[in-house]
Each structure stands twice: as C-alpha cells, then as structure tokens.
Amino acid sequence: MEVDAAHPAAAGDELRRLLAATLSADKASVDAATAGLDGISAAGDPRFPIAVLAVAAGDGDQGTRIAAATYLKNFARRNMEGGLSSSALYVEFRDQLAQALLRVEPAILRVLIEIFRQVAEKDFAKENSWPQLVPQLKLVIQSSDAISPGHHPEWKTINALTVLQSTVRPFQYFLNPKVVNEPVPEQLEQIAAEILVPLQVTFHHFADKVLSSHDGNKLEYEQLLLITCKCMYFTVRSYMPSGVKQILPSFCKDMFRLLDSLDFNSPPEDADTTRLKIAKRCLIIFCTLVTRHRKHADKEMPHIVNCVTKLSKQSIHLSKLNSLSDRIFSLSFDVISRVLETGPGWRLVSPHFSSLLDSAILPALALNEKDIADWEEDTDEYMRKNLPSELDDISGWAEDLFTARKSAINLLGVIALSKGPPVVSAASKRKKGEKNKGKGGSSIGDLLVIPFLSKFPVPSHGEDASSKAVQNYFGVLMAYGGLQDFLTEKKDLTATLIRNRILPLYYLDQCNPYLISTANWIIGQLAPCLPEAMSTDIYNSLMKALSMEDAEDLTCYPVRASASGAIAELIENGYSSPDWVALLQVVVKRLSAEDENESALLFQLLGTVVEAGEEKVLPHIPGTVSNIANIIMNLLSPVPDPWPQVVEQGFAALVAMVQAWDSSAPDENKEHEKEWQLGQTAIAQTLSIVLQKAWLLPVEQMELTLDSELPPASCVNEASFLLEFIMRSITSVEEITHLKVFELVAVWADTIAYWDSWEEMEDQGVFNAIKEAVSFHQRFDSSGFFMKMLPSQSANGAQSSIIGRVSSFVTRAIAAYPSATWRACSCIHTLLHAPDFSLGAEDGRMTLAVTFGEAAFSYFKGLSDSPAGIWKPLVLAISSCYICYPDAIEQVLCKDDGNGYTVWASALAQISSSLFTPALSSESEIKLAVLTLATVIERLLALSMGGTKVLKDCYISLMESCIHLKDVQEDGNDDDEAEDDDDDEEEDTDDDDEDSEDDDVREETEEEFLARYAAAAAAASESIEVVEEGDIDDETQDIELGYLDEVDIKQVVLSLMQKHITLLQAQSLPNDLIERIAETFPESEQMLRAHPQT
C-alpha cells in the first residue's frame, strides 16, 4: 500500500512549514512551531499521525522529513497507550508505517523504526493482534533488493531485516517470567518457521560474499549479517523455537567461519568495525547457547571450544587493538568459562589448559603499552581497569565483565578451581552455585596454574617497564589477584606466595611502580586469607608503598592509592596492624592540601584506621583532628560555592574521629576522666574553628556585598554531627561565647530549614543535632535566643526563630522517606515537650503543634487504607500535638474530612492494641498512648459516641496499654537475656546449614533453573508493591514527654472510669482482659464487675 500524502488535518504546505520551522536556530521560532503542531494534534483529527508520516516518508528535503519523523516518534510515545487514532485509522497508520520503513533512507529509518518497535511490541508481542505481519514480512524479505534483485528494488533488504529485528526484540525476555517453563510464544514459533529457517540459506550466502570479497562491496553484506545475528540472538536469548533447532548446526558453522576469519596481527581499521560487531554478536550467541540451551548445543560444544580457543590465543596483540576488539577477547574467555562449568566442559576444555595459560590468559594479563599510556595520562582510568576495588565472584556464569583482562582473570579462577569432570545427570543444565569441583583430589590450581605462574621469576633490581620480565610478572601478579577463591582455603600456599613472590618486590633497589601497585592490590584481594604471623611484614611493605614519592617523570599516585585501598581491606577483614600509631602517623604525614585526590583517599583511610585502632590511637585523635581541620580550611573557598570532594571526605573523617572519641568516654574510671575531658574540649575548639570558616565567614562576606545567601549546603549531615559534638561538649557560658555556638546554631538551622536533598541514611546527623540543640537550649539558653526572631540568610530574607527553622526541616522530613518519617516524628515529641516556650511568642508552641499535626495527618491519610508499621510514628506524633492542644488539632483533623478525627482515633486504638506490629515498646510510647486514649474517650463521650465501635476499640486499647505499661516497668532487662540465648541457638543452626550446603553442591537442572527464575520474578514483582517502613532500629524509641512524664497514669485511668462508669460499663470487654485488668489494678475490680463480658 502506498503512503497517501493527502490529509485533512492541515494543508500539506502548512504542516511542512511548521515542521521545517522546528529546525530553526531561533528558539522562539521553534517554540512557536512546536506549539502549532501540538495545537493541530490536540484538535483531535484522527488522520493527523498519517499526515505527519506522509511528510516523513515523502519526497521533500531530508531536514523536514527528519523533523516530521522525530515529531511523530514523540507523538507516538505520548499517545501509544491511549491510542494514536480510531481503530480503523490506526490499522491504516500501522500498515503505512510498515510500508514506509521498507523504502526510506537510513537517516529516516533510524527514527521511524523506534515507532514501529512500540507498535510491534504492543500489537504483535503482547496482544498478538497483527496476524498479517509475519506473512507480509516474509514476502518482503524474500523479494527485497539484496535477496531477489529486480523483483522489488524499492524494498531494501537492510530495511526489511531491521523491521524483523524490531519484531523479535520483545522476545529476548520471557513474556511471562512468573510462569515456570513458559512455552515458546506462538508468534515467535511462526517467525522462526516462516522467516528464520529460510533466512539461514541467505545468511550462508551473505557469509560467502563477505569472506570471499576483498573490496568495498562487502560492507552491505556485513551489515545484513550483523542484523541477522541480532535477530537470532533476540530469538534464543530466552526461548528456543523448534524451527531454530533445525538450523542451529548450519547457523553455528557460518558463525565459526566468520570468527575463524578474524586476524588481529594488525590494528583494525574503521572499515573493519561491522565485521568486529558481527564477531561480538556471534560470541554472545555462543554464551547464550551454553548457558540457556545446552542440550540443544551439546553437539556444537567441541567446535565452539576449538573456535574460541583459537581466537583467544591472538590476545598477544591486545595492546594494539581498540575497545571493540578487546570486548571480543573478553567474550571468547567468557565462552570458555561457561563451557567449563557444564557437564562435558572438563573433557572439552582440559586439553587446552596449558596452551590457554601460555598463549591466551597470560598475554591478556601482561603489562602493555596501553597500560603505561593510561598510567601517564589518566591514573583513575588505569586503576579502574587494572586495580578494581572489588572483583566479581569467580564463576563460569559471570556476566558484564566487558574487558579482556577481567574475563581472563575470571577464566583463570574457574580453571584453578576445577577438579575434573563432576558426576552429574546427563540432563544437567547449569550450576546453582558457582563451583565445578569434585570431591577430594588436587585441583588444576595446584597441578597446573600455580606451577605455571611460578616459572616467571621475580624481576631483578633496576628493570623497568620495557623489560619483558617486568611485563610478564605484572601478568603473574594480576593472576594471583584473581585466585582469591582458590587460595582462601590454602593459607600455607598463600603465605608462601606472599613471602616469596610479593613482598620481595618492595625491597628492590628501584621499586617498579607498576608492580608495586599491583602487589598492593593483590594483598587487598587476599586479605581474608592472610596469616597473622606476617602482619608486620605486610603492613611495613604497604606503609612503604603509601609513602612512595613521585619519580621525576612518573606519578606514583596509583601506588599510594592502591596501598591505601589494601590497608583498608586488611582492616575491614579483621587483619590488625601490629602498630596502629605508626600507621596513623604515616597516613597523617601524607595528607596535603596540594593533592586533593590523594587527600580524599587518605581521609577515607583515616576513618577506617581510627575506628579499628580504638584505644591505641585515642591519645592521637585531638592532634589528628587539628591536622585534618587545617587542610580543610586551606581548601575551603572564600566564595560560597559547593565544596570539592576532598573537603567532603575531610568532614567525613572528622565525623569518624569524634565518633571514636565519643565511644571512648569514661564511665566509672575517674582517673582518665580529666584527660578525656581536656581532649574533648580541644576537639570542640578545633571543630568550632572549622565550622566558623565554613559557615560564618561566607555569611559575613555576603553581608558586606549586600547579598543574602546561605553558605553552600555541602556536608550538612557531617557538619551536623560536628555541631552536635560541640554543643554536647559545652560545660560553661564562657565556652559558648568562645566557640560561637549560638552563631553556628543559627546558620545551621537556617541551612536545614531549606534542605531538600533527602537521602536514605544521609540525614541521621541532622536529626541527632536537632535533639542535642533542644537539650543545649534547656541547659544554657536562659535568654531565649532559640525563640527569638532572627533575620534569615536565605533568598527571601524572612525572619524566623531557630526552633521555627528546625521545625520547618522536621515538617518536610515527615514525608521524605520511611526512616526520615520515624526520625522526624521522634523530633516532634522533643520540639513540643522540651523547649521553654515561655521565652518566646505566646502562641509559638501551638503554631508548631498545628503545623506538625497537619503534615503528619496529611501523610497518614495517604497510607491509611491498610494498617502498616509506619502508622505508629505518625499516629503518636499527632497524639503529642493533640495532647497539647486538643481543640486546635481536632480542627486540623476535621478540616478536609468531617470523619478525620474518628479515623485518627481508630488508628490510635489499632497501634495501641496488643495485636499491632510493631507494638508500642518503650515506656514513654505507652504513656503517651494511654494519656491520648483517655483524652479521646472523654471527647468521644462528649460527642455522644458512646455506642460506637471507635469508642469500644479505644477503651479496649486503653486497658491493654495500661497492663502493657506495668509489664514494661516491671520486666526490666529480662528480654535481653532471652534474646542472647536465641542468638546462640541461631548461630549453631547456621553452622549446621553451612555444613549441609557444602555436602550438597551439584549442578542445577533446566527445570530447577526455570522454577527458580519464575519464583525470583514473582518475588521481585511483589517487592515493588511493598512500602518500606524504615529501619527496625527506629521502631523502638524513647520519646520526649516533658511534664507529661510525671503524670500519674494509673490515676488518670481510674478517674476516667469513675467519672464515666455508667457509659464505660456498657462496653463489652473480653473475659481475659477483665481478669488481667483486675490483677493489674485491684482498685478497679468493683467497677469491672458490671462490665458485660464476651
């Protein structure tokens, strides 16, 4: 069907004019043209998309046609779900789109094919409502210009195959991943039978053309081969249609031919790019066949192994090749790793072990010109490629390795772990675990890999990177780094390798930085299996590397960075330094404001060292804090711009220091209390100077220029930790003035009032500082500074109090993320009950209560459909507001919904019930619930709601909470002892489980894999619907009640019962609850006798 250029939506010339105007360099013209097109589309003419398609596929200038195609693509994306036009016209549009795709030039095809992809996925893959597509596409492909020249020259083969690629693309993933062993979709079976099977002959013909041609004509055939390979990959990535099983041997033979033709003796040229992409796609198909469809690929496995082994042995040329070539070698190693993890893998790959080590793996690992160039030009890129902070687990099923070196390391690890062919069922498909090891006997790591690597001697004194010995030994070191899984259970062998093959490198006359950086990395990788006896030698070597100075023409930053990373790995794996003070001094000595990248790394290491060194480094913390502070202050810009990363890392290091100091606070040891207090004061003084430089000086400078702007909102969380430490350290009014605490608190509160960069686990310091600020206010703010109206440095310059600014942060935090909700609600109790509001405006407290109540109830309403753990903090926060100002908060609750009060009251009854999870657990939580329930019951009775369910629920929860409160007060710490016993039992059980798992390692069948895949898909789908409810640590908390903590709860409840005895006795209570109330409160027994029982 020809594309009809006639369209009633707009005159053709007008539509073309608007589309051409979207290409203008003038933004106003583009906006006007876009608005005009949007106006036409919004008019509702159902033929509008057909009209735009006619322009895109017509004969106008290419710029206008590309603009039309682009507008149509965006239009389709916006309207696909709702329908592009009426049903009949949509089918017409779909057919014309398919026709247009067959003849347009590549620039238009690239845009229009994205529209077709959406249409095909919806109509063909998901709804199966396009039965004509496959027969018509089959006819077009067979009659296209490159397959049947002269039949339909307007039908381009490359366009037709591109349409086929978009048609099969949705089938690369399971359409119904939750279904175990999902059958091949009938649409895919139809494509395989009617198109792919006949296309195999054409693929073979194209391969002949490419392999025999030595001129430029082969490029078109290479593009056709590449698209066909992509179609095959999308077809078999998840499913295996019966038609593909028939052509698989023939198709594989042609892929073998294409891969065998690759020659990497010389660097590839631009003209070779498509051929390399074909090779990459062939190798990805092999990975898929081995991983997903082994029983269908078993006969081809020997040929696959021979082909990729031959290819991988060209890795000696890697240094001269581009990234695409590197990816091809990466995939060739990955194919071998996958084969080796299968049942017949050992038999097929083991004859090649020696040659792979010598001719493929080691050349891929050896130092080459690219590595040296990366070191000199981009040290971060060098470390990313060669010194990864974390290696992926060694496994034949590892994915996304991407570089030849990483894949070679992975393959070496798989080979080293091999112990011969496993005894498994012939139907085995893959491993559930990631090990292919037999029981007993020596592994290939012992028999072949370690002896092979031992053939290469440690380089002699003075050899540089041009030496073949250095280049090969670099590869040996990389290989050791990849043998972590193999060496984990061989501590004696690991100790020998470290002693004889690694540590000697540090004591050569001229330490080679390429080897030392890799040696550092290896030590970090092997941290879990290093012997304690060698800790002194290992740490001395790493500290020597950490102190290595740059050479005249070569930076040694990767050496120092890798040493820092290795030390951190050792510490995090419990491998202690024999001299923490010496290590701390080396790190501090290297700190400098001149090298920001290095200082950023050392700041991270400092935090780790101080945390692990504990009391051994404690006396040095005040001095270290001073050193860090000096560097930070030198790096802080006088202009309030966002701080550089090194400053952020410096603040994080300061937080680690103060947390370590806090944890060492003396309890009953009076002997060290004075010394510790002196250190505390010194640290607080240093931190105050840093925050003054960071916060007060920028503000003063802004005032001088009459600009109103806050200091940068950098490190707000870390700075809040430091400010909290300063406030907690204050012991006198004189210190407040000297450390400028009030000034710092004012700027801090101003900053967090406008905070909008919410991040999980990144705001804890702010919430802690809020509570400490309120405590500081209670202890030292006799003048009411926290309540005074102060000018803000924000853009609007409005006046507000410190308490008001803090409350603004808390209000917005309520709905930020689940953990913030818990923390914010905890702060609400503190802000309502702890400050001395008599020092400020009379209605200040009521204003806060109303603001908090509105925010908490607004968020609660969105979650109120079904009970959830997040109810607890929200309902208790509203309770604190209500207990302070019942009338005002009742108005808030009923403002938008007349039932708001009863909705909240019902929720309060639910969270106070013994059946709710998480239950009220702290004494203060239960007290607040009891007081609020008593007040609510009074109000419900006043509203003549005595016979309602909400009153009954509140009354039952009130009684249960009273009993619960007395139990909590009496129980003390009995629960902690019970938990310790449970933990011991769980640890024993875990050990038993681990033993049983080790005895039952086996391959996983295809049926088991599919069942596990479906279960994982279902679990992932369900997890999306689950709302996070915050950290479990936040669910149990003591909340601030102020004067309410002194209220006699027992008297409140008994008074309520006596005052409304008649109405309350009308409420039926469970028998067991009546008995428990009588036991808890004997005074109430007489009143309870008249209660109806259930």
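Chemist: Explain the pattern of salt bridges residue by residue, including any values.
Modeler: According to the stated counting rule, one finds 36 salt bridges in the structure shown. Between R728 and E724 there is a salt bridge whose closest N-O contact spans 3.0 Å. Here R728 pairs with E724, and both are found in helix α33 (residues 716–729), just four residues apart, close to one helical turn. Given the relative accessible area of 30%, R728 is considered partly exposed. Among the residues examined, E724 registers a relative accessible area of 14% and is labelled buried.

Chemist: Hey, could you go over the nonpolar core for me, with residue numbers and the actual values?
Modeler: Within the largest apolar cluster, 361 residues are counted, with the highest numbers of intra-cluster contacts made by L112, L164, F286, W748 and W904. Excluding anything up to four places from it in sequence, F286 contacts C252, M255, F256, L259, I304, V308 and V335.

Chemist: Could you give an account of the side chain of Q165, naming the residues involved and the relevant values?
Modeler: Looking at the secondary structure, you find Q165 in helix α8 (residues 157–168). When sequence neighbours within four positions are dropped, the list of residues in contact with Q165 reads I227, K230, C231 and F234.

Chemist: Would you mind going over the side chain of S564 in detail, with residue names and values included?
Modeler: Tracing the backbone through its elements, the reader meets S564 in helix α27 (residues 557–572). Sequence-distant contacts of S564, that is, excluding residues within four places in its chain, are made with L546, L601 and L605.

Chemist: Got a sec to walk through the packing of aromatic side chains? Specific residues and values, please.
Modeler: According to the stated counting rule, one finds 28 aromatic pairs in the structure shown. Judged by centre distance (6.2 Å) and plane angle (75°), the ring pair of F742 and F786 falls under edge-to-face. On the criterion of sequence distance, the pair formed by F742 in helix α35 (residues 741–753) and F786 in the loop between α36 (764–780) and β2 (790–791) is long-range, its members being 44 residues apart. The class of F742 is buried, set by a relative accessible area of 19%. Among the residues examined, F786 registers a relative accessible area of 1% and is labelled buried. If you follow R78 out to its NZ or CZ, it ends over the ring of Y71, 6.0 Å from the centre. Above the plane of the ring of W130 lies R94, whose end atom (NZ or CZ) is 4.2 Å from the centre.

Chemist: Just give me the short version of the environment of L362, but keep the residues and values in it.
Modeler: The residue L362 is located in helix α17 (residues 353–365) in this model. Spatially, the C-alpha atom of L362 lies 5.9 Å from that of G475, the residues being 113 residues apart in sequence. Those residues in contact with L362 that lie beyond four places of it in its chain are L357, F452, F456, N472, G475 and V476.

Definitions and cut-offs
- Residues numbered from 1 in each chain as written.
- Predicted model: local features only at pLDDT ≥ 70, side-chain atom pairs only at ≥ 80, totals over all residues.
- Heavy atoms only, no water.
- Salt bridge = Lys/Arg side-chain N within 4 Å of Asp/Glu carboxyl O.
- Helix = DSSP H or I, 4+ residues; strand = E, 2+ residues; numbered from the N terminus.
- Buried < 20%, exposed > 50% of the residue type's maximum accessible area, 1.4 Å probe, protein only.
- Core = buried A, V, L, I, M, F, W, Y, C linked by side-chain atoms within 4.5 Å.
- Contact = heavy atoms within 4.5 Å.
- Phe/Tyr/Trp six-rings, centres within 6.5 Å; stacked < 30°, edge-to-face > 60°.
- Lys NZ or Arg CZ within 6 Å of the ring centre and 35° of its normal.

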